[in-house]
Amino acid sequence: MERWQKILQSAVSDPAVIAKKFQLPEDTLRRVAGTFRFRVTKHFLSLIKEKGDGIFRQCIPDPAELEDDPDLMKDPLGEGPHALVPGILVKRYPDRCMLFVSGECASYCRFCTRKRRFGQKIDFDPARVEEGIDCIRKHPELRDVLVSGGDPFLLTDSRLESILRRLREIPHVEIIRIGTRTPSVLPERITVKLVRMLKKYHPLYVNVHVNHPAELVPKSIAALERLADAGIPLRCQTVLLKGVNDDPAILKELLQKLLKARVKPYYLFQCDLVYGTRHFRTPLQRGIDLIDSLQCWTTGMAVPRFMVDLPGGFGKVGFSPEHRIGSDGRIIHFRNYRGELCDYRDVPEEVPE
Ligand SMILES: *Cc1c(COP(=O)(O)O)cnc(C)c1O
Ligand code: SF4
């Protein structure tokens, strides 16, 4: 067993530990963790400075997860209906696809888009991943493959390498991207051995997921540095979350720290309409205002694109007048890249205090 695997084994998944540490009612935590899987690494837990802060909110079960909300869905992105191989390969755009290779994450984010799947323990059958790779081979238009999960870096080096090797053998696959949250939650996973393996499969990009500046501590910055030193271009996808990063000063600090760690902020996502996440929702206008507070006020490269992944699998869309075409109270009308119309139910603007 490698060192990172041992560290992962020491992650906290017993609600009693959290109840004691933060003086929270254990039965409530148990009820939430019984519905949506709970685990947090010791590293991520150590980043919490106080109960309810931006790290706490991301990883500690909250009773609000069990509240009903008619706007929220199990599969907001329509990944079920858009699957080429059910549960394994999703194609929503003309020339690229997403391949799910792992059902596990080091820490389970309370706002996860795939809560419906990773909310409970699932077994990921390697044979089905092979089926997904075969399917990519049969689709010559797929020039860009996003390897996702769960977290692909929770696979062993040899298992991950066998997937990358098979993808690289497909002549039409031009680029491979891997999405991971390990630099923030399990930085020990980014070993010298891992990056030595990854660099054999260039052009390979890694998209990390960082939401709060407190995630960028020396250990995680060193992990990012190992990836960057292997010539792997790094991007960050951040989710806009109420009480975590929906504040201009916090968001600016995060984006500037990312650039300093050689990570280009790529997308800022409106939190998807996933059930169990209503306490994280912000009005669309909040994201627009946040980007406005940054554009030209700081390095252009630090400013990500604010996007919403439209419910129903219509795809990602930005906020230019061609895409955000109108509104009717809480209903915002969007037009996607294919010209299709889609409505988004926004949260009401909060009353200023
Ligand atoms: C987001 C996503 C992609 C990648 O989109 P980019 O805008 O190229 O980053 C590809 N496939 C699916 C299914 C996606 O959700
Ligand atoms: S790391 Fe990603 S896939 Fe895993 S729980 Fe967090 S948001 Fe979901």
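Refer to the structure printed above.
Residues numbered from 1 in each chain as written. Chains lettered and ligands numbered in written order. Predicted model: local features only at pLDDT ≥ 70, side-chain atom pairs only at ≥ 80, totals over all residues. Heavy atoms only, no water.

Novice: Please set out the sheet that holds strand S6 (residues 204-208) residue by residue, giving values where relevant.
Specialist: Here ten strands make up an open sheet; going across it, the order is S1-S2-S3-S4-S5-S6-S7-S8-S9-S10 and the pairing mixed. Looking at the sheet topology across the chains shown, the edges are occupied by strand S1 (83-85) and strand S10 (315-317). Sheet topology places strand S9 (residues 305-310) next to S10; three bridges connect them, and they run antiparallel. Across the sheet, residue Val308 finds its bridge partner in S10, namely Val317. Here helix H12 (residues 248-260) sits on the sheet in contact with strand S7 (234-240) and strand S8 (263-270), set at roughly 145° to S8. (Pairing = 2+ DSSP bridges. Helix = DSSP H or I, 4+ residues; strand = E, 2+ residues; numbered from the N terminus. Contact = heavy atoms within 4.5 Å. Axes fitted to C-alpha atoms, helices over the stretch in contact; angles between N-to-C directions.)

Novice: Provide a residue-level description of unusual backbone geometry, including the pertinent values.
Specialist: For the bond running from Gly149 to Gly150, omega is 25°, close enough to zero to count as cis. Inspection of the secondary structure assignment puts Gly150 in the loop between strand S4 (144-148) and helix H8 (157-168). Cis geometry is found at the peptide bond from His202 to Pro203, where omega equals -5°. Mapped onto the elements of the fold, Pro203 is located in the loop between helix H10 (192-198) and S6. The phi angle at Arg262 is positive, at roughly 65°, despite the residue not being glycine. Relative to the assigned elements, Arg262 resides in the loop between H12 and S8. Positive phi outside glycine occurs at Cys296, with the angle close to 75°. By the element assignment, Cys296 lies in the loop between helix H13 (284-292) and S9. With relative accessibility at 75%, the residue Cys296 sits in the exposed group. (Buried < 20%, exposed > 50% of the residue type's maximum accessible area, 1.4 Å probe, protein only.)

Novice: Before we move on, could you go through the site of ligand 1 and cite the residues and values that matter?
Specialist: Taken together, Val90, Arg92, Tyr93, Arg96, Met98, Leu146, Arg177, Tyr266, Tyr267 and Lys316 make up the full set of residues adjacent to ligand 1. In the model, an oxygen atom of ligand 1 is placed 2.4 Å from a nitrogen or oxygen of the Arg92 side chain. At 3.1 Å from an oxygen atom of ligand 1 is found a side-chain nitrogen or oxygen belonging to Lys316. Bound to the protein, ligand 1 loses 92% of the 390 Å² it would expose on its own. Looking at side-chain class alone, the shell around ligand 1 contains six nonpolar, no polar and four charged residues. (Near = heavy atom within 4 Å. Polar contact = N/O pair within 3.5 Å; in protein donor to acceptor, adjacent residues only side chain to side chain. Areas by Shrake-Rupley, 256 points an atom, 1.4 Å probe, with all protein chains shown as cover. Nonpolar A, V, L, I, M, F, W, Y, C, P; charged D, E, K, R; others polar.)

Novice: How would you explain the site of ligand 2 if you had to name every residue and give the values?
Specialist: Ligand 2 sits among Cys105, Tyr108, Cys109, Cys112, Arg181 and His209. Tallied by class, residues from the shell around ligand 2 come to four nonpolar, one polar and one charged.

Novice: Would you mind going over the side chain of Thr238 in detail, with residue names and values included?
Specialist: Among the secondary structure elements, Thr238 is positioned in strand S7. For Thr238, a relative accessible area of 3% translates into the label buried.

Novice: Describe the packing of aromatic side chains, naming the residues involved and giving the relevant values.
Specialist: For the structure shown, the criterion picks out nine aromatic pairs. Summarising the aromatic geometry, the rings of Tyr93 and Tyr337 are spaced 5.5 Å apart at their centres and angled 40° between planes, so their arrangement reads as tilted. One end of the pair, Tyr93, is in the loop between strand S2 (89-90) and strand S3 (96-100); the other, Tyr337, is in the loop between strand S12 (331-335) and strand S13 (341-345), with 244 residues separating them in the sequence. Summarising the aromatic geometry, the rings of Phe319 and Phe334 are spaced 5.7 Å apart at their centres and angled 80° between planes, so their arrangement reads as edge-to-face. Within this pair, whereas Phe319 is found in the loop between S10 and strand S11 (324-328), its partner Phe334 is found in strand S12, the two being separated by 15 residues in sequence. By the ring-pair criterion, three or more aromatic residues cluster together here, those being Phe306, Phe319, Phe334 and Tyr344. (Phe/Tyr/Trp six-rings, centres within 6.5 Å; stacked < 30°, edge-to-face > 60°.)

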